[in-house]
Amino acid sequence: LLGYGKEFTEQLSVELVKQLAAASPELASDPVATISLANFVVRSIPIAQPAMWVAVLAANLWLALTIARRSNLIARPGDDWPSALRMPQGALPLFALAMAGTFLTGGARMIVDVFAGSLGMAFALAGLAYFHHVTRGKPWRLAALWLGWLSLITVGLTAFLFLFAGLYASVKKSSAS
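Residues numbered from 1 in each chain as written. Predicted model: local features only at pLDDT ≥ 70, side-chain atom pairs only at ≥ 80, totals over all residues. Heavy atoms only, no water.

**Focus on helix H3 (residues 31-70)**
Over its 40 residues, H3 runs 55 Å from end to end, which matches the ideal 58 Å to within 8%, given 1.5 Å per residue. Its maximal kink placed at isoleucine 45, H3 deviates by approximately 50 degrees, while the proline proline 46 follows within four residues. Taken together, the buried positions of H3 are occupied by Thr34, Ala38, Val42, Pro46, Pro50, Ala51, Thr66 and Ala68. Asparagine 72 sits one or two residues past H3 and shows a positive phi near 60 degrees. (Helix = DSSP H or I, 4+ residues; strand = E, 2+ residues; numbered from the N terminus. Expected span 1.5 Å × (residues − 1). Bend = angle between axes of the 7 residues up to and from the residue. Buried < 20%, exposed > 50% of the residue type's maximum accessible area, 1.4 Å probe, protein only.)

Below, the structure is given as structure tokens:
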């Protein structure tokens, strides 16, 4: 996020307000709502961008491992991601600190937002793996996985459910150790 700072966010907010006004004249009639929406988008970028990069990198890793395994380029057996993918115990207080740090202001807030977004997505991926693990052997597994993935893809807020599942799985793992 080089160059992402106060000046850039102010310019981005102004441009977003112009674009929203051009795309939706009825929204432009309420300048408070338009500015509020633009500020929300600008505020969420330092959290959302690292979160998406963690998801993309995890998907690329899974795809690369799958291709390499099917091409017989990896001799070792495959990893069982659903039962093994959990966040370490030390990540729990780091995530708590990052979430508390999102109430800071200025550049410190943006730095903390990067950690909050990255760790949040990592916990959400761990929750998704936990969801796959707990549904194993259940007769309704296919329907549950389809519904879970479909809701995750279409309604991004479902990621919060997987985030909480990942937090639960990590706490459960750390209490079992």
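So, next bit.
**What to know about unusual backbone geometry**
Phi is positive for asparagine 72, close to 60 degrees, though the residue is something other than glycine. Take asparagine 72: it is sitting in the loop between H3 and helix H4 (81-84).

**Here we look at the nonpolar core**
In terms of nonpolar packing, the biggest core is built from 18 residues, with Met87, Phe95, Phe123, Leu163 and Leu167 touching the most fellow members. When residues of this core are traced back to their parent elements, those giving at least two are helix H5 (91-101), helix H6 (106-134), helix H7 (141-154) and helix H8 (158-176). Here this core takes 8 residues from H6, the largest share from any one element. The contact partners of phenylalanine 123, leaving out residues within four places of it in the chain, are Met87, Ala91, Leu92, Phe95, Phe162, Leu163, Gly166, Leu167 and Ser170. (Core = buried A, V, L, I, M, F, W, Y, C linked by side-chain atoms within 4.5 Å. Contact = heavy atoms within 4.5 Å.)

**Quick notes on the confidence of the model for the protein chain**
For the protein chain, the average pLDDT comes to 86, and 93% of its residues sit at 70 or higher. Between the elements of the protein chain, mean pLDDT differs from a low of 70, seen in helix H2 (residues 25-28), to a high of 95, seen in H5. (pLDDT = per-residue confidence, 0-100.)

**Focus: the packing of aromatic side chains**
If you walk through the whole model with that rule in mind, you get 3 aromatic pairs. Note on phenylalanine 131 and phenylalanine 162: the rings are 5.6 Å apart at their centroids and 65 degrees apart in plane angle, and the pair reads as edge-to-face. Of this pair, phenylalanine 131 sits in helix H6 while phenylalanine 162 sits in helix H8, placing them 31 residues apart in sequence. Owing to a relative accessible area of 8%, phenylalanine 162 belongs among the buried residues under this scheme. (Phe/Tyr/Trp six-rings, centres within 6.5 Å; stacked < 30°, edge-to-face > 60°.)

**Describing the packing of H6 against H7**
It is at 10 Å that the axes of H6 and H7 come closest, and there the two elements cross at 165 degrees. With respect to H7, the element H6 is oriented roughly antiparallel. Between H6 and H7 lies a crossing of right-handed hand. Where H6 abuts H7, its residues Leu128, Phe131 and His132 lie against Arg141, Ala144, Leu145, Gly148, Trp149 and Leu152. In terms of residue class, the contact of H6 with H7 is made up of 6 nonpolar, 2 polar and 1 charged. (Axes fitted to C-alpha atoms, helices over the stretch in contact; angles between N-to-C directions. Parallel < 35°, antiparallel > 145°, perpendicular 65-115°, else oblique. Left-handed = near helix turned anticlockwise from the far one by under 90°. Nonpolar A, V, L, I, M, F, W, Y, C, P; charged D, E, K, R; others polar.)

**Remarks on the environment of glycine 166**
In this structure, glycine 166 sits in helix H8. Taking the relative accessible area as the measure of exposure, glycine 166 reaches 0% and is therefore buried. Through-space distance from the C-alpha of glycine 166 to that of alanine 122 is 8.2 Å; in sequence the pair is 44 residues apart. Those residues within four positions of glycine 166 in sequence are excluded, and the remaining contacts are Phe123, Ala126 and Gly127.

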